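Given next are the chains, with one letter for each unit.
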Amino acid sequence: MELLLQFLSNTGYYLADYRHVIMILIGCVFIYLAAAKQYEPLLLVPIGFGILVGNVPFFKGFGLGIYEDNSVLHYLYFGVTTGLYPSIVFLGLGAMTDFSSLLARPKLMLLGAAAQMGIFFTLLSALALGFLPREAASIAIIGGADGPTSIFLTAKLAPHLIGPIAIAAYSYMALIPVIQPPIMRLLTSREERLIRMPEPKREITKTELVIFPIVGVLLCCFLAPASIPLLGMFFFGNFMKESGVVDRLAKTASSAIIDTATILLGLTVGASTQGDVFLTGKSIGIFFLGAVAFSIATASGVIFAKIMNLFMKEKINPLLGASGVSAVPGSAREVHLMGQKEDPGNFLLMHAMACNSSGVIGSAICAGILWSFMLAGG
Amino acid sequence: VVYGLQAISNANGWSMAFAGALIVFSGLVVLSFVISQLHKIVTLWENRGRPADSPAPEPARSETEPAAAETVFVPQSWPTEPREEALLYAPLLADLGGTVQLADLYQACRRHDFPHPHLSINRLREAGYLVDAGDGKVDWVAGGN
């Protein structure tokens, strides 16, 4: 009888408190959004299930939890805390990215730069709310709308915040269809949304596509060497794809490798949200600032496109500014859908993808810059 | 814990935000400028050693060029008027059959060295010569809309 009672006192049912219940409900919401609403299922399924796994109450000291040495989850989490998974995800992203639309209209790259302003605004906001500089920088990068980049920088600067920051970043990426359209509508007139983007005037040659990753990695990584783990892998993946001589490697990078990294990244980030660690005042602050960062990033891209239109003969559809955030391809899809809602014959997707891929580069550079600033500041 | 503007100043936040924004912007401006010039550098490189007035070499044609090449005509100066473009596209579409995958049409255009096929296909779609048939396919309508 005593053995049975002892066993029962070690079960999750006995050890559970309200924080576990709240987190399990959040995990269920993620899984529901992914499975029923198809909101970013590739991210939300592993994260949502990870939240369930991470919030099963257990007896501390058995080497079971993600924060306990020698637990399996702890070893898998190593890829997050060292920045390994984000780098591998970037390798796969590079192998999947087609830069031809960006090369055909290089000026769209400026929209990818403008959308990064949300990061720096949020940096100031987080500092003003009392976060330490390293924490503020990690929170600010949510404005880049890039999950792996957010996790990478947070792992380097504020590892104790990985859970809330990753969940905030991925939540807002999944909520793009909810967050971005009202901002886009608010900041643009119907006439602006109707602007059709002309087709590129020239074909992009194979040689340009092959040279671009080499030029890109040299220019960006010389400027912000701290972004090497992300951009080095990103452009390497793209070079493998475009060179055409290592098709087998490029295909593996863009399928098996990125999928494996995404599964482990999502699951362990989800599992890192143990109720007692996750449900704090700081997490609420991070979620609030994340929403601000994402909204300002969207708005600054749209506003910058409108400013560019003041000086350009060939007008840009300002909706494209919203795809300057690096949530690939969610934000490009939203821009395209909004353009089509106004004019079914308006195809913005290709142009939006150019801004999107520029946003990926921009947010990785920002991560490198912020990391360098924090290292310089001690 | 210090809050507000004082906290920003203490952490050197203003300089970090300003310098960070400036660096990322200038970095992407430089990258954008370089890639906008990339095709010129590539052309210069590919034309090295060739006298300025000599014409560019004809691209090598594949041995397995489809038979339609004989009926498809590519003029020196490509028209931008959809009606005239439709005349040039008609033999190609006839060879491919009435309903064709957009990707196959694009590939066929590339095989026959049609210049900027995506532009032409877009114009032909807008003019009603190519009509969506679903599943990535298009129908050829000889007279357009």
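## Describing helix H9 (residues 117-128) of chain A
Taking 1.5 Å of rise per residue, 12 residues should cover 16 Å, and H9 of chain A covers 17 Å from first to last C-alpha, within 8% of that figure. Residues Gly118, Ile119, Phe120, Thr122, Leu123, Leu124, Ser125, Ala126 and Leu127 of chain A constitute the buried set of H9 of chain A. In this fold, the buried residues of H9 of chain A make contact with helix H10 (133-140), helix H19 (281-311) and helix H21 (349-376) of chain A together with helix H1 (4-10) and helix H2 (13-46) of chain B. Immediately downstream of H9 of chain A, the backbone of glycine 130 of chain A shows phi near 100 degrees, a positive value.

## As for helix H3 (residues 82-96) of chain B
Residue and element names in this part refer to chain B. Its 15 residues give H3 an end-to-end C-alpha distance of 20 Å, which sits within 8% of 21 Å, the value for a rise of 1.5 Å per residue. At tyrosine 89, H3 is deflected by roughly 40 degrees, the largest bend along its length, and proline proline 91 occurs up to four residues later in sequence. Those residues of H3 that fall on the buried side of the exposure criterion are Glu85, Ala86, Leu88, Tyr89, Leu92 and Leu93. Turning to H3, the residues buried within the fold contact strand E1 (99-101), helix H4 (102-111), helix H5 (117-126), strand E2 (130-134) and strand E3 (137-140).

## Here we look at the sheet that holds E3 of chain B
Within a sheet, each strand pairs with its neighbour through backbone hydrogen bonds, oriented either parallel or antiparallel. All names here are of chain B. Ordered in space as E1-E3-E2, the 3 strands form an open sheet in which the pairing is antiparallel. A single partner strand is all that each edge strand has here, and the edge strands are E1 and E2. Geometrically, the sheet is characterised by an average inter-axis angle of 35 degrees between neighbouring strands, direction not taken into account. Two elements, E1 and E3, share 3 bridges in a ladder whose sense is antiparallel. Of the residues in E3, the one forming a bridge with glutamine 101 is lysine 137. Strand contacts of H3: E1, E2 and E3, with the helix running at about 115 degrees to E3, the strand carrying the most contacts.

## A short note on the interface of chain A and chain B
How large an interface is tends to be reported as the accessible area lost when its parts come together. Across the contact, 44 residues belong to chain A and 39 residues belong to chain B. Contact with chain B buries area across many residues of chain A, yet Leu124, Glu199 and Glu203 of chain A alone supply 16% of it, more than any other trio. If you look at where chain A meets chain B, you find 1 salt bridge. A salt bridge links arginine 196 of chain A to glutamate 126 of chain B; the shortest N-O distance between them is 3.1 Å. Sorting the residues of the side of chain A that touches chain B by element identifies helix H7 (100-104), helix H8 (109-114), H9, helix H15 (206-223) and H21 of chain A as the ones contributing at least two each. For the side of chain A that touches chain B, the element with the highest residue contribution is H15 of chain A, accounting for 9 residues. In the side of chain A that touches chain B, the residues fall into 30 nonpolar, 8 polar and 6 charged.

Rules of the game
Residues numbered from 1 in each chain as written. Chains lettered and ligands numbered in written order. Predicted model: local features only at pLDDT ≥ 70, side-chain atom pairs only at ≥ 80, totals over all residues. Heavy atoms only, no water. Helix = DSSP H or I, 4+ residues; strand = E, 2+ residues; numbered from the N terminus. Expected span 1.5 Å × (residues − 1). Buried < 20%, exposed > 50% of the residue type's maximum accessible area, 1.4 Å probe, protein only. Contact = heavy atoms within 4.5 Å. Bend = angle between axes of the 7 residues up to and from the residue. Pairing = 2+ DSSP bridges. Axes fitted to C-alpha atoms, helices over the stretch in contact; angles between N-to-C directions. Buried area = accessible area lost by both parts, 1.4 Å probe. Salt bridge = Lys/Arg side-chain N within 4 Å of Asp/Glu carboxyl O. Nonpolar A, V, L, I, M, F, W, Y, C, P; charged D, E, K, R; others polar.

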